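# What the coordinates show
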Amino acid sequence: MENKIIKILKKTKPNINFLKNKKDLIKKSILDSFDLVTIISEIEKAFNINIKANDIIAKNFDSISKIVKLVKKYI
Amino acid sequence: MKLKFYNKKITGILSILPKNKVYFKDEMNNYNFTKKQSLKLAKIMGYSTRRVVNKKTSVSDLCVFGLNYLFKNKLLKKDKVDALILVTQSPDYFLPPTSNVISGKINLRSDVICLDINQGCAGYEVGLIQAFMLLEQKSISKVVILNADILSKKVSIKDRNSRPLIGDGASITIVEKSKTKEEINVYIKMDGKKYDSLIIPAGAFKQPTNSNTKNLKKDKFGNSRSLENLLMKGDDIFNFIITKIPEMLKEMYKDLKIKKEYFDYFFFHQPNKFILEKLANTIEIPNSKLPSNIVENFGNGSGITVPLNICFNLGSKAKKNNYKVCLGGFGVGLTWSIIACNIKKLSFCKIIEFKK
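Residues numbered from 1 in each chain as written. Chains lettered and ligands numbered in written order. Predicted model: local features only at pLDDT ≥ 70, side-chain atom pairs only at ≥ 80, totals over all residues. Heavy atoms only, no water.

### Side note on the overall build of chain B
The cut-off we apply is this: Under the DSSP-based scheme used, a helix requires at least four consecutive residues in state H or I and a strand at least two consecutive residues in state E, with every element numbered from the N terminus. As a reference, a globule follows 2.2 Å times the number of residues to the power 0.38, and the radius of gyration itself is taken over C-alpha atoms. Only protein chains enter the calculation, and the probe is 1.4 Å; a residue is then buried if its accessible area is under 20% of its type maximum, exposed if over 50%, and partly exposed in between.
Looking only at helices and strands, chain B features ten helices and 17 strands. Rg of the C-alpha trace for chain B: 20 Å, near the compact-globule value of 21 Å for 356 residues, within the 12% margin. Considering only C-alpha atoms, chain B reaches an extent of 55 × 45 × 35 Å along its principal axes. Per-residue burial over chain B gives 58% buried out of 356 residues.

### Comments concerning the layout of surface pockets
To be explicit about the condition: Here a cavity is any set of points on a 1 Å grid over the protein atoms alone where a 1.4 Å probe fits but cannot get out, and a pocket is any open set with protein on both sides within 12 Å along at least 5 of 7 lines; a residue lines the site when it has an atom within 4 Å of a point. Grid points are joined across faces, edges and corners, and a volume is the space filled by probe spheres set on the points. Charged residues are taken to be Asp, Glu, Lys and Arg, nonpolar residues to be Ala, Val, Leu, Ile, Met, Phe, Trp, Tyr, Cys and Pro, and polar residues to be all remaining types, Gly included.
When its volume is computed, the largest pocket comes out at roughly 1300 Å³. Residue lining of the largest pocket: 46 residues in total, with Gln89, Ser90, Asn118, Leu151 and Ile200 of chain B positioned closest to the centre. Listing elements by their share of the lining of the largest pocket, those giving two or more residues are strand E6 (113-117), strand E10 (198-199), helix H6 (234-256) and strand E15 (322-331) of chain B. Partitioning the lining of the largest pocket into residue classes produces 26 nonpolar, 14 polar and six charged. Taken as a whole, the second largest pocket encloses approximately 700 Å³ of empty space. Lining the second largest pocket are 33 residues, with Asp32 and Ser33 of chain A together with Lys233, Gly234 and Asp235 of chain B sitting closest to its centre. Mapped by element, the contributors of at least two residues to the lining of the second largest pocket are helix H2 (33-47) of chain A together with strand E13 (231-232), H6 and helix H7 (273-282) of chain B. Looking at the lining of the second largest pocket, the element that brings in the most residues is H6 of chain B, giving six residues.

### A word on the environment of leucine 249 of chain B
Residue and element names in this part refer to chain B. Along the chain, leucine 249 turns up in helix H6. Residue leucine 249 is classed as buried on the basis of its relative accessible area of 1%. The spatial distance from the C-alpha of leucine 249 to the C-alpha of leucine 76 is 34 Å, given a sequence separation of 173 residues.

### Quick notes on empty space enclosed by the protein
Residue and element names in this part refer to chain B. Counting across every chain of the model gives one cavity of 30 Å³ or more. One number sums up the size of the largest cavity: a volume of about 40 Å³. What lines the largest cavity is simply Lys8, Lys9, Ile10, Phe132, Glu182, Ile184, Cys341 and Asn342. Broken down by secondary-structure element, the contributors of at least two residues to the lining of the largest cavity are strand E2 (8-18) and strand E16 (335-344). For the lining of the largest cavity, the element with the most residues is E2, which contributes three residues.

### Concerning the sheet that holds E15 of chain B
Residue and element names in this part refer to chain B. Just so we agree on the cut-off: Two strands pair under a simple rule: DSSP has to find at least two bridges between them. Axis lines are fitted to C-alpha atoms, over the contacting stretch for helices. Their N-to-C directions set the angle, which ranges from 0 to 180 degrees. In what follows, residue pairs with any heavy atoms lying within 4.5 Å of each other are defined as contacts.
Pairing within the open sheet is mixed, and its five strands lie in the order E1-E9-E16-E15-E14. Edge positions in the sheet fall to strand E1 (2-6) and strand E14 (265-268), since each of these pairs with one other strand and no more. Geometrically, the sheet is characterised by an average inter-axis angle of 20° between neighbouring strands, direction not taken into account. In terms of strand pairing, E1 meets strand E9 (residues 183-190) through five bridges, oriented antiparallel. Bridge pairing links phenylalanine 5 to isoleucine 184 in E9. Helix-sheet contacts for helix H9 (residues 305-313) involve E14, E15 and E16, and the interaxial angle to E14 is about 135°.

### Comments concerning the interface of chain B and chain A
Let me state the cut-off plainly: Summed over both partners, the accessible area lost on bringing two parts together, with a 1.4 Å probe, is the buried area. Any Lys or Arg side-chain nitrogen found within 4 Å of a carboxyl oxygen on Asp or Glu counts as a salt bridge. Polar contacts here mean pairs of N or O atoms no more than 3.5 Å apart (in protein, one a potential hydrogen donor and the other a potential acceptor; neighbouring residues in sequence count only if both atoms are side-chain atoms).
Contact residues are listed per partner, giving 19 residues for chain B and 22 residues for chain A. Between chain B and chain A, roughly 1700 Å² of surface is buried when both sides are summed, and carbon and sulfur atoms account for 61% of that area. Among the residues chain B hides against chain A, the three largest losses belong to Lys40, Phe221 and Lys278 of chain B. Together they make up 29% of the total. Seen at the junction of chain B and chain A, the total is three salt bridges. Counting every contact that joins chain B to chain A gives six residue pairs in polar contact (both at pLDDT 80 or more). Looking at side-chain class alone, the side of chain B that touches chain A contains eight nonpolar, six polar and five charged residues.

### Concerning unusual backbone geometry
Residues and elements named next belong to chain B. For the peptide bond that leads from leucine 95 to proline 96, omega is 5°, which places it in the cis range. Assignment of secondary structure puts proline 96 in the loop between strand E5 (83-87) and helix H4 (98-105). The linkage connecting glycine 333 with the following residue, leucine 334, adopts the cis geometry, with an omega of -10°. Its place among the elements puts leucine 334 in the loop between E15 and E16. Its identity is not glycine, yet lysine 74 carries a phi of approximately 55°, on the positive side. Classification of lysine 74 as exposed rests on a relative accessible area of 75%. The phi angle at lysine 345 is positive, at roughly 35°, despite the residue not being glycine. Along the chain, lysine 345 turns up in the loop between E16 and strand E17 (348-354).

Treat this as a map of the structure, not an account of what it does.
Shown next, in the form of structure tokens:
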């Protein structure tokens, strides 16, 4: 799952190495709200889930591990 | 704040759109994205076609064009208008009020009350509240609400957060006293602590225009805008809408002892397709009852999205039928409001093009 998520992140931000940048994705402004919109849409498609609006908050997307945790909640 | 009004009704809605269409595909090279990323985001957010005015067109031009259309087609009698409310964030001048300018251009009586209100995304609901309050007066029988904005002029060409969304336009809504029993329930809240979530920081009196306020500065995500451009904090707005609107709806359902199924339609402001679809999902309203097709066809025209939504999605059906509707506006201020009312056999409900 982690690899699949990293692949999605890489597709949205090709210039970032997400194997080296796994944490503080929002805090360090690696991802902005418009990147999140694309990433959420791609994740929903890849895992066939529908992430609820109240889960779309910065802290759920601030690291790869937190994104994995969020996706697991829906599977 | 909860407000209740009786025996007032909307009797006609006209939307006025600039004929000039701008396509996202033609603009996407301005933004800091690859073509593939841009097209993906366009699909999710609903970026496609926006209507924008030319350099010379002002809010009063759009409104006067629409009002003259109504007079010419005998849909509104000039001497029957008792009040003219203009809701806009893009007035012709700092002073005088643009509603006075419009009144002069269409030659209204001098005892017609003209009011300008500075509101945006919830501007349709705020305008309706003001109209309902005026109609409590014996001497006022017919109020004309004008919602109009031309904010495309204030969005940086290099701002991919806001530029592809913003559209221009106007709408005219006629509100009158009703002889049949009508109950209208209004919910409205404001949070001025978040005033800077959607803001044009400079150009008024707090921070007047100077050479620095015109300089484009790049933010950490690659968007360039000046202090005289619209600034939208996307994540603040998303979280605000997703939290506050479901709360307000729950409060209304409880107070009125109704369920969501009571309404035929939810005509909400349309900031972008992503937010609206997530909101619809959260409040469990099917897309067929909560249209989300305004941004992709016309752009987000601030306070005009709700009346335009009604004209685009109901159109002439609104002349024949009765609908129980929930109107919703949310955004700049921050301000959020919902209104439970009826759309009953309107005398007109259509879109016209401003052809100048």
